[in-house]
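# A look at the structure
Here is what each chain is made of, one letter per residue.
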Amino acid sequence: MPNAQRHIIIDADLNDATQAMEITWGDQHRSTYPLKYLRAECPCAQCRTERQEAKANPNPFRVLNTGTSPDSWRIADLEEVGRYGLKITWGDAHSTGIYTFEYLREICPCEACKAARPADDKPFVHGIYIPGS
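Residues numbered from 1 in each chain as written. Predicted model: local features only at pLDDT ≥ 70, side-chain atom pairs only at ≥ 80, totals over all residues. Heavy atoms only, no water.

Strand order in the open sheet made by the three strands is S4-S5-S6, with antiparallel pairing throughout. Since the sheet does not close on itself, it has two edges, and those belong to strand S4 (75-81) and strand S6 (98-100), each with one partner. This sheet shows a mean twist of 25° between the axes of neighbouring strands, independent of strand direction. Here S4 pairs with strand S5 (residues 85-90) via six bridges, running antiparallel. (Pairing = 2+ DSSP bridges. Helix = DSSP H or I, 4+ residues; strand = E, 2+ residues; numbered from the N terminus. Axes fitted to C-alpha atoms, helices over the stretch in contact; angles between N-to-C directions.)

Next comes the structure, spelled out in structure tokens:
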């Protein structure tokens, strides 16, 4: 049975110096999410579809709309949604994705969490084409 505390946020902070969101989870795991990474992993239907299409049809000339300008990964507003997620309004006014606590934990970019995830064999990493991958 998974640890129930893994999806409970104990503390969260936006670090202006590193342009990252830092979260301490109920199981004491600490996650640091660069804002550019969070924007690229937006869970809304439009962004998910765009990422899936890019992975299904790799093209070195494809430019994804997700997080392409510096304003797009600046947080304009942040609000809690119930007891299960965060709604982020980005600097480019995009705000349709709800980052559930479960999803945030799933995309934790720390080395331990990345190593525990199944490998992705597609040549796109967060919307950026990596030739020869």
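Here the focus is the state of the cysteines. A full pass over the atoms with the stated rule returns zero disulfides. Cys-47 forms no disulfide, and the closest cysteine sulfur to it belongs to Cys-44, at a distance of 3.5 Å. No disulfide involves Cys-113; its sulfur sits 3.5 Å from that of Cys-110, the nearest cysteine. (Disulfide = S-S within 2.5 Å.)

This next bit is on helix H2 (residues 45-56). Taking 1.5 Å as the rise per residue, H2 with 12 residues should run 16 Å; its terminal C-alpha atoms sit 16 Å apart, in good agreement. For H2, every residue scored as buried is listed here: Cys-47, Glu-50, Arg-51 and Ala-54. Across the axial projection of H2, the buried residues extend over an arc of 95°, all falling on one side. Among the exposed residues of H2, those oriented more than 90 degrees off its buried face are Ala-45, Gln-52 and Ala-56. (Expected span 1.5 Å × (residues − 1). Buried < 20%, exposed > 50% of the residue type's maximum accessible area, 1.4 Å probe, protein only. Arc of directions from axis to C-beta.)

Moving on, we get to the packing of aromatic side chains. One pass over the structure, following the stated rule, counts one aromatic pair. Over the aromatic face of Trp-73 sits the side chain of Lys-36, whose NZ or CZ is 4.6 Å from the ring centroid. (Phe/Tyr/Trp six-rings, centres within 6.5 Å; stacked < 30°, edge-to-face > 60°. Lys NZ or Arg CZ within 6 Å of the ring centre and 35° of its normal.)

This part is about the sheet that holds strand S2 (residues 20-25). Pairing within the open sheet is antiparallel, and its three strands lie in the order S1-S2-S3. With partners counted over all chains shown, the strands left at the sheet margins are strand S1 (9-15) and strand S3 (30-34), one partner each. Between one strand and the next, the sheet's axes are offset by a mean angle of 15°, whatever the strand orientation. Relative to S2, S1 is paired through six bridges, and the arrangement is antiparallel. Opposite Leu-14, over in S2, you have Met-21 as the bridge partner.

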